[in-house]
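Here are the chains, one letter per residue:
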Amino acid sequence: MADANRIPGTDTASIDTASSDTPGGDTPRSGRNDRSERSEPLAPTGPQQVIEYGDYRAVLTGVGAGLRGLSHRGRPLVVKYPAEQAPPGGAGQLLAPWPNRVRDGRYGFDGHEQQLDISEPANHNASHGFVRWLPWRVVAEDAASVRFGLRLYPMHGYPHILELTAGYQLGEDGLSVEVAARNVGPTPAPYGIGAHPYLTLGRGPGSVDGAVLELPADTWIPVDERLIPVGREDVSGTAYDFRKARPIGDTVLDTAYTGLTRDRDGRATVRLTSGDGGRGVELWVGPEIGWLQVYSGDGLPAAYRRAGVAVEPMSCPPNAFATGEDVLRLEPGQRVAHRWGIRAL
């Protein structure tokens, strides 16, 4: 689900549907990525990390440990944006210690009322956690993988300390991601995780209309005008039913789903393919992820509008900190990990 707040300058940017190898688009790998000793301005997303394996190439950001680009044989699998720009619509960002929104930023935990900063003023919500705007450090890397680390100290409305890692690994089956959190503070902490990749067929604004979506979820979540859940509904007979692959057409999606159908390994898989079936991309989530937010990008700047479909893995639903639904309780010393990935079809 995209941010209501717009980043200045995003309306004039152009979408990058070419290979990640575009000259000037990415900085080199390893310590050579850090521009801090150079005279040119830093990228808004910090140092860029490039990893490669076979026909796959990914670009990761130091700010937020986000996914700025992923390609296969030069074909983009996620909507990519220029290094000189902040992520449009939250593209590729990691969302912790909660995904999506918290109504009015208010929630209770262990008998204490907390007030998060209102980061989505238009709807008076706290949105998408803290870590997407924080600088992460590289703690391990090789040619095909990189792992970031971040110690999250207490923030407004979240008086806890978490040690976070985000690992990205390329292999024969594409990109695998593991986001882990350990409570290193003295008190139990509420916790949830999300991610914000936009799957794309690489054909620019409006290309979502001709794409075919397969989404194995039997329940969708209606929301109010502030994008806060007001119940749940069976997808049967509705515009939100994509259990059988079908064209998206002009359907507008900004919708949370649950009731995921899984394979014998506990994975649920979403597929986006071209109408002729000649190209596609899929996103899978592990058994520890029970929710998906699907957004068709209608509210993005013109260069990105309906150019991709955000398929957002979430461990808990919108407004979960307020309702408690599927929020994890991390005891001091406890660690939890969530996994998802993307591959070409």
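Residues numbered from 1 in each chain as written. Predicted model: local features only at pLDDT ≥ 70, side-chain atom pairs only at ≥ 80, totals over all residues. Heavy atoms only, no water.

### Some remarks on the pattern of salt bridges
Quick note on the threshold: Each reported salt bridge corresponds to a side-chain nitrogen of Lys or Arg within 4 Å of a carboxyl oxygen of Asp or Glu. Each residue's exposure class comes from its accessible area (1.4 Å probe, protein chains only) as a fraction of the maximum for that residue type: buried when under 20%, exposed when over 50%, partly exposed otherwise. Secondary structure counts use DSSP, requiring at least four H or I residues in a row for a helix and at least two E residues in a row for a strand, with both numbered from the N terminus.
Enumeration over the complete set of coordinates arrives at 19 salt bridges. Between Arg-57 and Glu-52 there is a salt bridge; the shortest N-O distance is 3.0 Å. Overall, Arg-57 belongs to the buried group, its relative accessible area being 13%. Across the pair Asp-224 and Arg-103 runs a salt bridge, and its minimum N-O distance is 3.1 Å. Within this pair, whereas Asp-224 is found in the loop between β18 (217-221) and β19 (233-234), its partner Arg-103 is found in strand β6 (residues 101-103), the two being separated by 121 residues in sequence. For Arg-103, a relative accessible area of 33% translates into the label partly exposed.

### Re the sheet that holds strand β3 (residues 67-72)
Put simply, the test is: Here, any two strands with at least 2 DSSP bridges between them count as paired.
Strand order in the open sheet formed by four strands is β1-β2-β3-β4, and the pairing between neighbours is antiparallel. Each edge of the open sheet carries a strand with a single partner, namely β1 (48-53) and β4 (75-76). When strand β2 (residues 56-61) meets β3, the two strands line up antiparallel, connected through five bridges. Bridge pairing links Ala-58 to Leu-70 in β3.

### Quick look at the pairing of strand β7 (residues 106-109)
Of the two faces of β7, the one holding Tyr-107 and Phe-109 is buried and the one holding Arg-106 and Gly-108 is not buried anywhere. By the bridge criterion, four bridges tie β7 to strand β8 (residues 112-115) in an arrangement that is antiparallel. Note that in β8 the partner of Arg-106 across the bridge is Gln-115.

### Comments concerning the packing of aromatic side chains
Our working definition: The pairing test for Phe, Tyr and Trp rings, Trp by its six-membered ring, is centres within 6.5 Å, and the orientation test on the planes gives stacked under 30 degrees, edge-to-face over 60, and tilted for anything in between. A ring is considered to have a charge above it if a Lys NZ or an Arg CZ atom is located within 6 Å of its centre and within 35 degrees of its normal.
Applying the stated criterion across every chain, the model contains eight aromatic pairs. Ring pairs connect the aromatic residues Trp-98, Tyr-107, Phe-130, Tyr-158 and Phe-321, which therefore count as one cluster. The ring centre of Phe-242 lies 3.8 Å from the NZ or CZ of Arg-246, which sits over that ring. Sitting over the face of the ring of Trp-284, Arg-267 holds its NZ or CZ atom 3.5 Å from the ring centroid.

### Here we look at the nonpolar core
For the record, the criterion: Residues belong to one nonpolar core when they are buried, are Ala, Val, Leu, Ile, Met, Phe, Trp, Tyr or Cys, and are joined through side-chain atoms within 4.5 Å. Whether two residues are in contact is decided by their heavy atoms: any pair within 4.5 Å suffices.
Counting residues in hydrophobic clusters, the biggest one holds 69 residues, and the most contacted among them are Leu-70, Tyr-168, Tyr-191 and Ile-342. No other element matches strand β12 (residues 162-171), which puts five residues into this core. Those residues in contact with Tyr-191 that lie beyond four places of it in its chain are Ala-96, Pro-97, Leu-162, Leu-164, Val-179, Ala-181, Phe-321, Val-327, Leu-328, Leu-330, Val-336 and His-338. Formed by nine residues, the second largest nonpolar core is a distinct cluster that contains Tyr-81, Ala-91, Tyr-198 and Tyr-304.

### What to know about the sheet that holds strand β27 (residues 335-344)
Taken together, the nine strands give an open sheet; going across it, the order is β10-β11-β12-β13-β27-β23-β22-β17-β20, and neighbouring strands pair in antiparallel fashion. Pairing within the sheet leaves two strands with one partner each, and these edge strands are β10 (137-142) and β20 (246-247). Taken together, the two bridges between strand β17 (residues 212-214) and β20 define a ladder with antiparallel strand orientation. Bridge pairing links Val-212 to Pro-247 in β20.

### Some words on the environment of Val-177
As for its placement among the helices and strands, Val-177 is situated in strand β13 (residues 174-183). Remark: the alpha-carbon pair of Val-177 and Ser-145, spanning 32 residues in sequence, is separated by 9.9 Å. With residues up to four places along the chain from it excluded, the contact list for Val-177 reads Gly-167, Tyr-168, His-338, Arg-339 and Trp-340.

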